[in-house]
Every structure is written in structure tokens, then in C-alpha cells.
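Commentary on secondary and tertiary structure
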Amino acid sequence: MSLIVPEFDQSVIVRSADAQVIGQAPTTIRLLADSSSTGGALSTQRVTLNDGADGAKPHHHSNSAELFYMLDGTAQLLSGDQVVTAERGDLVIVPPGLAHAFAAAPGHDADILIVITPGVERFEYFRHLERVAYGKVPPESLLDVQELYDTYFLNSATWNDARA
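Figured I'd write up the structure that's included with this text.

Description of the overall build of the protein chain
The number of helices and strands found in the protein chain is 2 helices and 10 strands. Helices and strands in the protein chain line up, N terminus first, as β-β-β-β-β-β-β-β-β-α-β-α. For 164 residues, the compact-globule formula gives about 15 Å, and the C-alpha radius of gyration of the protein chain, at 15 Å, lands near that figure. If you line up the protein chain on its principal axes, its C-alpha atoms span 45 × 40 × 35 Å. Taking all contacts inside the protein chain whose residues are at least 6 apart in sequence as the whole, residues at least 24 apart take part in 70%. Surface exposure of the protein chain reaches about 8900 Å², of which carbon and sulfur atoms provide 51%. With 10 positive and 21 negative side-chain charges, the protein chain shows a separation of 7 Å between the mean positions of the two kinds.

So, the packing of aromatic side chains
Under the criterion given, the structure shown has 3 aromatic pairs. A ring pair is formed by Tyr125 and Phe126, whose centres lie 5.4 Å apart and whose planes are at 70 degrees; its orientation type is edge-to-face. Pairwise contacts between aromatic rings join Tyr125, Phe126 and Tyr149 into one cluster.

A closer look at the side chain of Asp111
Of note, Asp111 is situated in strand β9 (residues 110–117). Separated by 2.4 Å, the side chains of Asp111 and Arg46 make a polar contact. Once residues within four sequence positions are removed from consideration, Asp111 is found in contact with Arg46, Val47, Thr48, Tyr69, Met70, Leu71 and Asp72.

Some details on the environment of Gly135
By secondary structure assignment, the location of Gly135 is in the loop between α1 (123–133) and β10 (152–153). Take Gly135: its relative accessible area is 60%, and that puts it in the exposed class. For the pair formed by Gly135 and Gly80, sequence separation is 55 residues and the distance between their alpha carbons is 31 Å.

Here's the deal with the environment of Gly55
Following the sequence through the fold, Gly55 ends up in strand β4 (residues 54–60). For the pair formed by Gly55 and Ala110, sequence separation is 55 residues and the distance between their alpha carbons is 9.6 Å. Contact partners of Gly55, with chain neighbours within four places excluded, come to Leu49, Phe102 and Ala103.

What counts as what
- Residues numbered from 1 in each chain as written.
- Predicted model: local features only at pLDDT ≥ 70, side-chain atom pairs only at ≥ 80, totals over all residues.
- Heavy atoms only, no water.
- Helix = DSSP H or I, 4+ residues; strand = E, 2+ residues; numbered from the N terminus.
- Rg over C-alpha atoms; globule rule 2.2 N^0.38 Å.
- Contact = heavy atoms within 4.5 Å.
- Areas by Shrake-Rupley, 256 points an atom, 1.4 Å probe, with all protein chains shown as cover.
- Lys, Arg positive; Asp, Glu negative; His and termini not counted.
- Charge placed at Lys NZ, Arg CZ, Asp CG, Glu CD.
- Phe/Tyr/Trp six-rings, centres within 6.5 Å; stacked < 30°, edge-to-face > 60°.
- Polar contact = N/O pair within 3.5 Å; in protein donor to acceptor, adjacent residues only side chain to side chain.
- Buried < 20%, exposed > 50% of the residue type's maximum accessible area, 1.4 Å probe, protein only.

Encoded structure:
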């Protein structure tokens, strides 16, 4: 096991009004702190999903763990081969290499704080997702940046069944 020693010496303060918002309802992503601002310690964003909206499709990260803290609402989270229902105040941490996905539970909203550690520069990844959503680049273009953002897509019958 290796220890990540972040290299930054000032507190990171992100005011809500200053955070960039990607997307629009039913799925919005508030970009809070990227890896470069935390010396590699973490990257974090807040994802708000309305009325059963999808968040992320099944994927894994080779080098980072991902933490999901439920600020409000109810979400479904894929963690390996199980789908967990998480509600306000619940915490789910997925280790590196484990398949995961998330979405608001059917008929519910979800407000989720997501932290990836060690950090990966992710803000441009979310901007790329927005370009896909608006048809500016094809969805297949995400395959070209999987390694860059340590996000490797996969198929999950468990997730597909839960979201059907």
C-alpha cells in the first residue's frame, strides 16, 4: 500500500456561486475541486439528479477510490455485483477496480457529493460529457479518453436489470 502525500499548502475554498455547473435538470454536476487544486489528494463534485435520472453508467477506476455521500434524496448505486439503495446521510465507498454506477432511484431525486481519491483531473471529463449530451461529439469519443481520466466503461447485467 502506498501513501499519497498531497502537495498543496493552502486551504481550498469553493464558494457555491463560483462553482461551474455542467448540464441542466434532470442531471446537473457542480464542479467543486479538481486534483490540481488539491495537490492530487482528491477531486470532488456534486451531482444532482431529478426524478430517477441516470448519473454514471457502469465503469471502474483503476487507481482511485470513489466516495458517494448522500446529501439528500435516494439513489441506486452499483457496487460490484450488487445494487445498493442509499438515502440521505448514507455513505458508499467503492475501491479501485470495482464496477460502479449511480442514478436517482425511480421516482426520487438524489443529491450526491462525490469524492475521488487520489485525485484525477476530472473537470474536463465532465465538460466532455456535456458535449456528448448536447450532440457536439459522439458518445464513442468517451472511449478515446478512458485512460486519461481513469474511467473504464463496462457492461453490467445487474445494473441493467435494476434500471429496467
